[in-house]
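Tertiary structure, described
Below are the chains, spelled out letter by letter.
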Amino acid sequence: MKDIINILLLGSGGRECAMAWKISQSPRLGNLYVAPGNAASYGTNVPLNPMDFEAVRQFVDTHDIDMIVVGPENPLVEGIADFFEEHPVKIIGPCREGARLEGSKEFAKEFMVRHHIPTARFMSVTEETREQGMHFLESLQPPYVLKADGLAAGKGVIIAPTLADAKDTLADMLDGMFGGASDTVVIEEFLTGIECSVFVVTDGEDYKILPVAKDYKRVGEKDCGPNTGGMGAVSPVPFADNEFMDRVTRQIVEPTLKGLKEEGINYKGFIFLGLMNVEGNPFVIEYNVRMGDPETEVVMPRLASDIVEIFEGIADSTLALKPVEEDPRAAVAVMLTSKGYPGTYEKGKEITGLDTPADVLRFHAGTRRDTLGRVLTDGGRVMALVALAPDIAEAAAMAKAEAAQVDFEGKYFRRDIATDLVD
Ligand code: AMP
Ligand code: GLY
């Protein structure tokens with residue numbers, strides 16, 4: 001590959017902002033374009049829809065793009081990597097078949113069973129097997145986990161407290177609660193433990209593990225209230241110690257990569273393992289085929305190595321030669337959200353406090369600039385404030401202080417991010 005490369009990053013959230021920040025530090029970078037991007041300015045925004053592959057190709061051809069980095073899952077599940085298979089541009093992200101690990105919960109569960117990867121007991125149900133599904137629910141203990149098979153914008157998982165609720169939910173899902181995404185429903189045994197997110201990069205042969213993170217999904221403090229895209233994140237995760245990570249590697253990462261190879265899936269990109277630590281034993285809750293958000297906002301600052309080199313390793317099957325080093329400091333991200341999120345919320349509020357110099361990173365998520373150059377809110381998750389410090393307690397305090405300083409009408413954030421991991 002060339003010494004200096006031009007990169008097109010697809011996406012517009014906090015995850016892509018953190019990636020753009022990291023990519024922009026690489027001595028290997030020529031131009032960085034972000035499509036469609038937000039109000040952050042680590043690259044040049046281009047008004048491209050990542051799902052319009054033909055438009056993406058035209059941009060690649062006219063702007064001498066060497067590499068496309070795919071942030072979100074939808075273009076991968078729709079086959080963007082296959083679309084560019086014959087094209088010289090390198091794509092960071094798996095092919096359509098590999099993306100089924102995230103695109104179909106049923107496929108993911110059956111894959112885990114085929115390859116003896118620890119996961120919750122389950123049954124996959126369709127209209128034809130509705131009655132058996134109801135019986136399977138009766139065989140489980142409460143609470144009950146029901147998942148739409150297909151992509152449902154992160155909302156397709158329902159935890160039902162009672163058997164009656166679970167049966168109603170199964171009926172609603174099969175009757176189209178999530179459109180076609182819930183034509184198949186995966187019912188799972190509920191696992192009790194603490195979650196963490198492990199990120200693997202692979203070139204199809206070798207793999208490297210990025211810093212481990214934990215996200216905070218519930219909107220309210222002490223993990224109460226509805227699920228969100230993520231209200232904050234922390235890395236490292238003290239309970240993901242050497243012994244636990246050894247189990248993750250042997251019982252999950254290696255069998256997953258071996259399984260992909262055995263099934264003839266040439267997987268190049270990220271594998272995100274959503275894990276439950278059940279008394280020291282890791283179980284896979286879900287696979288994703290992209291980085292997590294807001295986990296990326298704490299993983300990128302803790303990655304001490306050049307990410308463009310890692311991307312090149314993924315694309316050219318030279319990952320084994322690429323260092324993946326961790327910054328020993330802790331990172332904590334606190335997400336600012338709009339009033340009402342994850343329900344309905346207003347956009348277009350001016351964000352203030354961004355002129356103050358900060359020792360904290362400000363990763364834009366749902367933001368845009370107006371014609372006067374002011375930064376406005378443009379989504380439910382608005383901005384991640386990320387601190388690096390010698391320990392989690394200090395990083396959490398710094399991120400929280402910055403979350404109080406940056407402001408807009410209706411701002412909300414959780415004040416307890418990462419405090420559960422501080423003794
Ligand atoms: P997912 O979209 O698969 O990440 O599920 C959303 C959330 O539901 C997860 O982050 C967990 O908190 C919870 N969850 C999913 N599956 C299970 C399970 N089998 N046992 C307990 N909690 C689960
Ligand atoms: N933070 C979880 C996710 O990105 O799916």
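None of these values were measured; they are calculated from a predicted model.

1. Notes on the site of ligand 1
As a matter of local geometry, ligand 1 sits amid 15 residues, with Glu188, Glu189, Leu191, Glu195 and Glu286 nearest to it. One of the backbone nitrogen or oxygen atoms of Glu189 is found 3.0 Å away from a nitrogen atom of ligand 1. Taking Glu286, its side chain carries an N or O atom lying 2.8 Å from an oxygen atom of ligand 1. When the free accessible area of ligand 1 is taken as 470 Å², the share hidden by the protein chains comes to 89%. Elements with a contribution of two residues or more to the shell around ligand 1: strand E7 (144-148), strand E8 (157-160) and strand E18 (281-288). Partitioned by chemical class, the residues of the shell around ligand 1 number 8 nonpolar, no polar and 7 charged.

2. What to know about the environment of Asn45
Inspection of the secondary structure puts Asn45 in strand E3 (residues 44-45). Note on Asn45: relative accessible area 35%, which makes it partly exposed. Other than its neighbours up to four places away in sequence, Asn45 contacts Val34, Pro36, Gly37, Asn38 and Ala40. Looking at Asn45, its side chain comes within polar contact range of the main-chain oxygen of Asn38, at 2.7 Å.

3. Some details on the pairing of E7
Remember that side chains alternate between the two faces of the sheet whenever the strand is regular. For E7, the buried fraction is high: 5 of the 5 residues fall into the buried class. As judged from the 4 bridges shared by E7 and strand E10 (residues 185-188), these two strands associate in the antiparallel manner. Counterpart to Lys147 in the pairing with E10 is Val186.

4. Comments concerning the pattern of salt bridges
What the rule picks out here adds up to 37 salt bridges. For Arg302, the salt bridge goes to Glu326, with nearest N and O atoms at 3.3 Å. Of this pair, Arg302 sits in helix H10 (residues 296-302) while Glu326 sits in the loop between helix H11 (307-316) and strand E19 (330-337); the two residues are 24 residues apart in sequence, bridging distant segments of the chain. Overall, Arg302 belongs to the buried group, its relative accessible area being 3%. Glu326 sits in the partly exposed class, given a relative accessible area of 42%.

5. A short note on the site of ligand 2
In the region of ligand 2, the neighbouring residues are Asp215, Gly229, Phe272, Asn288, Arg290, Gly292, Asp293, Pro294 and Glu295. In this structure, Asp215 approaches ligand 2 through a side-chain N or O atom, which is 2.7 Å from a nitrogen atom. Between ligand 2 and Asp293, the relevant distance is 2.9 Å, taken from an oxygen atom to a main-chain nitrogen or oxygen of the residue. For ligand 2, whose accessible area on its own is 200 Å², the fraction buried by protein is 87%.

6. A closer look at the sheet that holds strand E6 (residues 122-125)
An order of E6-E10-E7-E8 is seen for the 4 strands of this open sheet, with the pairing classed as antiparallel. Sheet topology places E6 and E8 at the edges, where each strand pairs with a single neighbour. Averaged over all neighbouring strand pairs, the angle between strand axes comes to 20°, with direction disregarded. In this structure, E7 lies alongside E8, joined through 4 bridges in antiparallel fashion. Residue pairing for E8: Tyr144 is matched across the bridge by Ala160. The sheet contacts of helix H7 (residues 130-139) involve E6, E7 and E10, and relative to E6 the element is tilted by about 155°. Relative to E7, helix H8 (residues 163-174) is tilted by about 5°, and along the sheet it contacts E6, E7, E8 and E10.

7. What about the nonpolar core?
Within the largest apolar cluster, 49 residues are counted, with the highest numbers of intra-cluster contacts made by Leu8, Ile68, Leu273 and Tyr287. When sequence neighbours within four positions are dropped, the list of residues in contact with Leu273 reads Cys196, Ser197, Val198, Val200, Val248, Ile252, Val253, Glu286 and Tyr287. Listed in part, the 44 residues of the second largest apolar core include Val69, Leu210, Ile314 and Ala331.

8. Section: H11
Of all the 10 residues making up H11, 8 are buried; the element is thus mostly covered by neighbouring parts of the structure. Considered for burial, the residues of H11 that qualify are Ile307, Val308, Ile310, Phe311, Glu312, Gly313, Ile314 and Ala315. Immediately beyond the C-terminal end of H11, within one or two residues, lies Ser317, with a positive phi of roughly 55°.

Conventions and cut-offs
- Residues numbered from 1 in each chain as written.
- Chains lettered and ligands numbered in written order.
- Predicted model: local features only at pLDDT ≥ 70, side-chain atom pairs only at ≥ 80, totals over all residues.
- Heavy atoms only, no water.
- Near = heavy atom within 4 Å.
- Polar contact = N/O pair within 3.5 Å; in protein donor to acceptor, adjacent residues only side chain to side chain.
- Areas by Shrake-Rupley, 256 points an atom, 1.4 Å probe, with all protein chains shown as cover.
- Helix = DSSP H or I, 4+ residues; strand = E, 2+ residues; numbered from the N terminus.
- Nonpolar A, V, L, I, M, F, W, Y, C, P; charged D, E, K, R; others polar.
- Buried < 20%, exposed > 50% of the residue type's maximum accessible area, 1.4 Å probe, protein only.
- Contact = heavy atoms within 4.5 Å.
- Pairing = 2+ DSSP bridges.
- Salt bridge = Lys/Arg side-chain N within 4 Å of Asp/Glu carboxyl O.
- Axes fitted to C-alpha atoms, helices over the stretch in contact; angles between N-to-C directions.
- Core = buried A, V, L, I, M, F, W, Y, C linked by side-chain atoms within 4.5 Å.

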